[in-house]
Amino acid sequence: MPELPEVETMRRGIAGLVGGRILDVQSCPCRLKPIALTPGLAAFRRSAVDRTIERIDRAGKRVVVRLDSEDAIVIEPRMTGLVLLADPPNQEHLRLRIVVAGASSRAGKLRGESRGAVHELLYWDRRGLGSVRLVSPREFERRYGPTKLGPDALELTPEILRERLFRSRRAIKVALLDQRALAGVGNLYASEMLHRCGVHPATRCDRLHTDQWSRLHAALAAVLESAIEHEGSTLSDGTYRNALNQAGGYQNQHLVYDRAGESCPTCSRGTILRIVQAQRSTFYCPACQTKKARSTR
DNA sequence: CATATGTCCTGAGAGC
DNA sequence: TGCTCTCAGGACATAT
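Note that the structure is predicted; figures quoted are calculated from it, not measured. (Residues numbered from 1 in each chain as written. Chains lettered and ligands numbered in written order. Predicted model: local features only at pLDDT ≥ 70, side-chain atom pairs only at ≥ 80, totals over all residues. Heavy atoms only, no water.)

Draft legend 1. Structural detail: the nonpolar core. Within the largest apolar cluster, 37 residues are counted, with the highest numbers of intra-cluster contacts made by Leu165, Ile172, Leu176, Leu182, Met193, Leu216 and Leu220. Only α4 (158-165), α5 (172-176), α6 (187-196) and α7 (210-229) provide two or more residues apiece to this core. By residue number, the principal contributor to this core is α7, which donates 8 residues. Beyond its immediate stretch of four places on either side in the chain, Leu220 contacts Ala153, Leu156, Leu161, Leu182, Val185 and Met193. (Core = buried A, V, L, I, M, F, W, Y, C linked by side-chain atoms within 4.5 Å. Buried < 20%, exposed > 50% of the residue type's maximum accessible area, 1.4 Å probe, protein only. Helix = DSSP H or I, 4+ residues; strand = E, 2+ residues; numbered from the N terminus. Contact = heavy atoms within 4.5 Å.)

So, in C-alpha cells, the structure goes:
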C-alpha cells in the first residue's frame, strides 16, 4: 500500500544513486507472473545502460529516476512493491536489478564510501501488481502529466485543495483517493486525515464548508509530513520496508486505521467503525467526526 | 463530462 | 492437518 509517505521514503532512500552510471539491468526470473516491464528487457537495457542518473523525483505514488538521456525510469510499487538498495525480504519476489556504478549509496552520507563503489537498485514485489517503465519525455507527459495526475498533496494550499474537489458530489474520502484531483493520498492516510480534522468520511465534497477545507488541509499536511518523518507505515503484514529493508514507524501513530472496535483515542466517547466506500475500508469515529461544520475550535 | 464498478495479483488468515 | 474461501487496495479499463 505504498502511498505518498512510503514512496517519498523510498525516493530519499535511493537519492544517493544520483550521479551514478547504470552498468546493467537484469530481470530476476521466477515462477511468478512477471511484473509489467516496459519496454521489454532488451530494449530497456539498451536505453538505460551507460546512462547517468541525474535526479530522483516522485510523481504521486511513483519513484521517477531521471536519466541524462532525458528518459526516466518510473517505478510504480502499487500494493506490495519495494525499492531497495540491498537486502530484499526474499529472493523469490525480486523482480528487477539495476546495477549502478560511481555513486554513494545513501543520500548525504558519503562516509568512507569510495566514489567508485557499485550499487544495486532492486525492485521487489510480492503480489506483482507494480510496474517499472522506461519512458521518453513525451511518454512521461502522456502517462504522468497534469491531465493524469493532480497537484502533489504536499504542494497544496487550503484554496487549491478546495478548488480541486468542492464541485464533486462524491464522498470526501472517495474523492481524496482520486489521483487526478490530487496526487499521493491513498486509503490509509485518507482515513487518518479525516479523523484528525473531525470530518465524517461520507460527507459529500460539495457540502463541505470553507473552515472544513482549511482544517482538512492542515490535517492532510500534518499527517503526510509526520508519516514521512516516521518513514511510512508498516502494517501487520510487514510488507512495507524502506530502501534498507527496515520497517517504518508511523503505524504506531495511527488513530483509526485498522482499529475498528477500539475506543476513539481522540474523544474517548465513540468506538472506531469500519465502513466500505468504493470497495475500500474506511475507519472513523462516529462521535467526533461529523458532517456538520463546527462553530468553535 | 462525472462517477461507479470489475480486474489484475499473491499470501495471510479464517473456517471447517 | 490441509483444504477452500475471502480479503487487502494500488491504477486502470470499461460501464453507466
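The rest of the description comes next.
Draft legend 2. Region of the structure containing the sheet that holds strand β1 (residues 21-27). Pairing is antiparallel in the open sheet, where 4 strands are placed in the order β1-β7-β8-β6. For this open sheet the edge positions go to β1 and β6 (81-84), each flanked by a neighbour on one side alone. Averaged over all pairs of adjacent strands, the angle between strand axes in this sheet comes to 15°, irrespective of strand direction. The pairing of β6 with strand β8 (residues 118-125) spans 4 bridges and is antiparallel. Paired with Gly81 across the strands is Asp125, a residue of β8. (Pairing = 2+ DSSP bridges. Axes fitted to C-alpha atoms, helices over the stretch in contact; angles between N-to-C directions.)

Draft legend 3. Local environment of the sheet that holds strand β5 (residues 72-76). The strand order across the open sheet built from 5 strands is β2-β9-β5-β4-β3, with neighbouring strands paired in mixed fashion. Looking at strand neighbours, the two that pair on one side only are β2 (36-38) and β3 (53-59), the edges of this open sheet. Each strand axis lies, on average, 15° off the axis of its neighbour in the sheet, ignoring direction. Each of β2, β4 (62-67), β5 and β9 (131-135) touches helix α2 (residues 41-48); the most contacted strand, β9, lies at about 50° to it. Strand contacts of helix α3 (residues 137-144): β3, β4, β5 and β9, with the helix running at about 135° to β9, the strand carrying the most contacts.

Draft legend 4. Geometry of the protein's contact with DNA strand B. Around DNA strand B, the structure places Lys33, His93, Arg126, Arg127, Leu129, Ser168, Arg169 and Arg170. Separating a sugar or linking oxygen of DNA strand B from a side-chain N or O atom of Arg126 is a distance of 3.3 Å. In this structure, Arg127 approaches DNA strand B through a side-chain N or O atom, which is 2.9 Å from a base oxygen. In the surface near DNA strand B, the residues fall into 1 nonpolar, 2 polar and 5 charged. (Near = heavy atom within 4 Å. Polar contact = N/O pair within 3.5 Å; in protein donor to acceptor, adjacent residues only side chain to side chain. Nonpolar A, V, L, I, M, F, W, Y, C, P; charged D, E, K, R; others polar.)

Draft legend 5. Looking closely at the protein's contact with DNA strand C. In the neighbourhood of DNA strand C, 16 residues make up the surrounding shell, with Met79, Arg127, Leu129, Tyr257 and Arg280 lying closest. At 2.8 Å from a phosphate oxygen of DNA strand C is found a main-chain nitrogen or oxygen belonging to Asn187. Between DNA strand C and Arg274, the relevant distance is 2.9 Å, taken from a phosphate oxygen to a side-chain nitrogen or oxygen of the residue. The class makeup of the residues in the surface near DNA strand C is 4 nonpolar, 4 polar and 8 charged.

Draft legend 6. Region of interest: the domain arrangement of chain A. What the domain assignment reports for chain A is domain 1 (4-144) and domain 2 (153-284). In this structure, domain 1 and domain 2 have C-alpha centres spaced 28 Å apart. Facing 24 residues of domain 1, the contacting portion of domain 2 comprises 22 residues. Approximately 1,700 Å² of surface area, both sides summed, lies buried where domain 1 meets domain 2, with 66% of it carried by carbon and sulfur atoms. Taken together, the links from domain 1 to domain 2 amount to 1 salt bridge. Of the charged contacts in the structure, one is a salt bridge between Asp237 and Arg126, with a shortest N-O distance of 3.7 Å. Taken together, domain 1 and domain 2 are joined by 7 residue pairs in polar contact (both at pLDDT 80 or more). At the level of secondary structure, the elements contributing two or more residues to the side of domain 1 that touches domain 2 comprise α1 (4-13) and β6. (Domains from an automatic or database assignment. Buried area = accessible area lost by both parts, 1.4 Å probe. Salt bridge = Lys/Arg side-chain N within 4 Å of Asp/Glu carboxyl O.)

Draft legend 7. View of the packing of aromatic side chains. Enumeration according to the criterion identifies 3 aromatic pairs in this entry. Aromatic pair Tyr189 and Tyr250: ring centres 5.8 Å apart, planes at 40°, arrangement tilted. Pair noted here: Tyr189 is in helix α6 and Tyr250 is in the loop between α7 and β10 (273-277), with a separation of 61 residues, a long-range link. In this structure, Tyr189 and Tyr250 share a single accessibility class: buried. (Phe/Tyr/Trp six-rings, centres within 6.5 Å; stacked < 30°, edge-to-face > 60°.)

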